[in-house]
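# Chains, contacts and geometry: an overview
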Amino acid sequence: MELRRPHSLFQPPLRRNRGRLTLRDRIWLAALVGAALSIFATSKAHAEFTVCNQTLDVVNLAVGQKVDDADQTDGWWTIGANQCVNVIREELTNRYIYIYATDVFGHAILSGSIEMCIDRRRFSIRGIDECWQRGHIAARFVEVDTQEQVRWTYFLTGNSP
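Quick summary incoming for the structure in this document. No experiment lies behind these values; they were computed from the predicted model shown.

## Considerations on the state of the cysteines
In protein chemistry, a disulfide is the covalent bond that joins the sulfur atoms of two cysteines. For the structure on display, the rule yields two disulfides. Two residues, C52 and C84, share a disulfide whose sulfurs are 2.0 Å apart. The sign of the S-S torsion, about 105°, decides the handedness of the disulfide formed by C52 and C84: right-handed. Here C52 is found in strand β3 (residues 49-53), whereas its partner C84 is found in strand β6 (residues 83-88), with 32 residues between them in sequence. For C84, a relative accessible area of 46% gives the class partly exposed. Across the disulfide, C117 is cross-linked to C131 (sulfur-sulfur distance 1.9 Å). As the torsion about the S-S bond is roughly -90°, the C117-C131 disulfide counts as left-handed. Of this pair, C117 sits in strand β8 (residues 114-118) while C131 sits in the loop between β9 (123-126) and β10 (137-145), and the two are 14 residues apart along the sequence. Assigned by exposure class, C117 and C131 land together as buried. Bonded cysteines in the protein chain are paired 1-2, 3-4 when counted in the order they occur along the chain.

## What about the packing of aromatic side chains?
The tally for this structure, following the rule as stated, stands at three aromatic pairs. When the ring of W76 is compared with that of Y100, the centres are 6.3 Å apart and the planes differ by 50°; the resulting orientation is tilted. Note that W76 is positioned in strand β5 (residues 70-79) and Y100 in strand β7 (residues 96-102), a separation of 24 residues in sequence. In terms of burial, W76 and Y100 fall into one category: buried. Where Y100 meets F141, the ring centres are 5.5 Å apart and the plane angle is 35°; that geometry is what we call tilted. Of the two residues, Y100 sits in strand β7 while F141 sits in strand β10, which places them 41 residues apart along the sequence. We note that Y100, like F141, is buried.

## Some remarks on the environment of V150
If you trace the backbone, V150 turns up in the loop between β10 and β11 (152-156). Between the alpha carbons of V150 and E48 there is a distance of 6.5 Å; along the sequence they are 102 residues apart. Beyond its immediate sequence surroundings of up to four residues, V150 is in contact with E48, E91 and L92.

## Topic: the pattern of salt bridges
The tally for this structure, following the rule as stated, stands at five salt bridges. Here R151 and E48 are joined by a salt bridge, their closest N and O atoms 3.0 Å apart. Here E48 lies in the loop between α1 (23-40) and β3 and R151 lies in the loop between β10 and β11, a separation of 103 residues in the sequence. Classification of E48 by relative accessible area gives buried; the value is 1%. The residue E91 makes a salt bridge to R151 at a minimum N-O spacing of 4.0 Å. Highlighted residues: E91 in the loop between β6 and β7 and R151 in the loop between β10 and β11, separated in sequence by 60 residues. By relative accessible area, R151 is classed as partly exposed at 41%. Because the salt bridges share partners, they merge into one network encompassing E48, E91 and R151.

Conventions and cut-offs
Residues numbered from 1 in each chain as written. Predicted model: local features only at pLDDT ≥ 70, side-chain atom pairs only at ≥ 80, totals over all residues. Heavy atoms only, no water. Disulfide = S-S within 2.5 Å. Helix = DSSP H or I, 4+ residues; strand = E, 2+ residues; numbered from the N terminus. Buried < 20%, exposed > 50% of the residue type's maximum accessible area, 1.4 Å probe, protein only. Phe/Tyr/Trp six-rings, centres within 6.5 Å; stacked < 30°, edge-to-face > 60°. Contact = heavy atoms within 4.5 Å. Salt bridge = Lys/Arg side-chain N within 4 Å of Asp/Glu carboxyl O.

In structure tokens form, the structure reads like this:
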């Protein structure tokens, strides 16, 4: 009986068959190259609008913005205490982003002045007029001025407006 030493994932045994790599070795090398390429790829993996929950409670977040010259609201993102969530992944093109947040019981924890539409479950709603008539809920969003930056982070605190 031959005892074999266990191999590390980072140091696979290279078996050569007359100067050529075995199928197993080629698969391992292909996976390694693929992982390296995904790490160094030029695509953007960072968010452009992030909301950080600095409260001690879990919050549910909805976001409003202009999309193709129409107002649109999307929700829900759940953000744990002292955690951040990327809500808009492309560079910001709107100076103003609108957010609405509730606690886990559905009570608003931000008191904004801009009325937009939301739903109880996950949603993407075009338009902000006549929420009730269209079967949605009207909610007051807070306006966030990103000062025309392409990246912005909003910190949700217990003292948020």
